[in-house]
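# Understanding the architecture of this molecule
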Amino acid sequence: MATPCCHCRYPTDLRTSWTDANPGRRFYGCSKFGTNKACNYFRWYDPALDEHMRCIVQNFHRRIRELERRQPRGAYKISFKMASILTVVFLVVVFILLEK
Ligand SMILES: [Zn+2]
């Protein structure tokens, strides 16, 4: 799928939602998101998760974040970004397995 352009006519960024309703679900959004020049372009990239999968992803992400908080000072820390990447990798594996 080609990267769509937003209402500003620029290629969009592929972002990841971390809302309770759509944890780990990727979407296209304006590359100027977060600035006062952003448009309101929005389009889902991933299909919606059913309730069961949504709970699994939320729990997976929550547990990684708990591990992050429990890390002793000076130990390798799992950042929010790393937790998010691990969750997206988990989701991709789940989607691949569901398609078989
Ligand atoms: Zn835009």
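First things first, this report covers the structure right here in the doc. Residue indices begin from 1 for each chain and proceed along its sequence in written order. Two thresholds apply to this predicted model, a pLDDT of at least 70 for residue-level local features and 80 or more for giving and counting side-chain atom pairs, whereas whole-chain, interface and lining totals are computed over all residues. For side-chain calculations, the full set of non-hydrogen atoms in the structure is used, while hydrogens and water are omitted.

### Considerations on the layout of surface pockets
It is a probe the size of a water molecule, rolled over the atoms, that shows where empty space is left. A cavity here means a set of 1 Å grid points, computed over protein atoms only, where a 1.4 Å probe fits but cannot escape. A pocket is an open set with protein on both sides within 12 Å along at least 5 of 7 lines, and lining residues have an atom within 4 Å of a point. Grid points are joined across faces, edges and corners, and a volume is the space filled by probe spheres set on the points. Taken as a whole, the largest pocket spans an internal volume of roughly 190 Å³. Lining the largest pocket are Trp18, Thr19, Asp20, Pro23, Gln58, His61, Arg62, Arg65, Arg69 and Phe80. For helices the rule is a DSSP run of H or I covering at least 4 residues; for strands it is a run of E covering at least 2, with both sets numbered from the N terminus onward. The biggest single contributor to the lining of the largest pocket is helix H1 (residues 51-70), with five residues. We call Asp, Glu, Lys and Arg charged. Ala, Val, Leu, Ile, Met, Phe, Trp, Tyr, Cys and Pro are nonpolar, and the rest, Gly among them, are polar. Its residues assigned to classes, the lining of the largest pocket shows three nonpolar, three polar and four charged.

### Observations concerning the coordination of the zinc ion
The donor definition counts N, O and S atoms within 2.8 Å of each metal and applies 3.2 Å to Na, K and Ca; water is not among these atoms, so some sites may look incomplete. Note on the zinc ion: its protein donors are Cys6 (SG), Cys8 (SG), Cys30 (SG) and Cys39 (SG). The metal-donor distances range over 2.3 Å. Sequence spacing of the donor residues for the zinc ion, all on one chain, is C-x1-C-x21-C-x8-C. Of this pair, cysteine 8 sits in the segment before strand E1 (13-16) while cysteine 30 sits in the loop between strand E2 (26-29) and strand E3 (42-44), placing them 22 residues apart in sequence.

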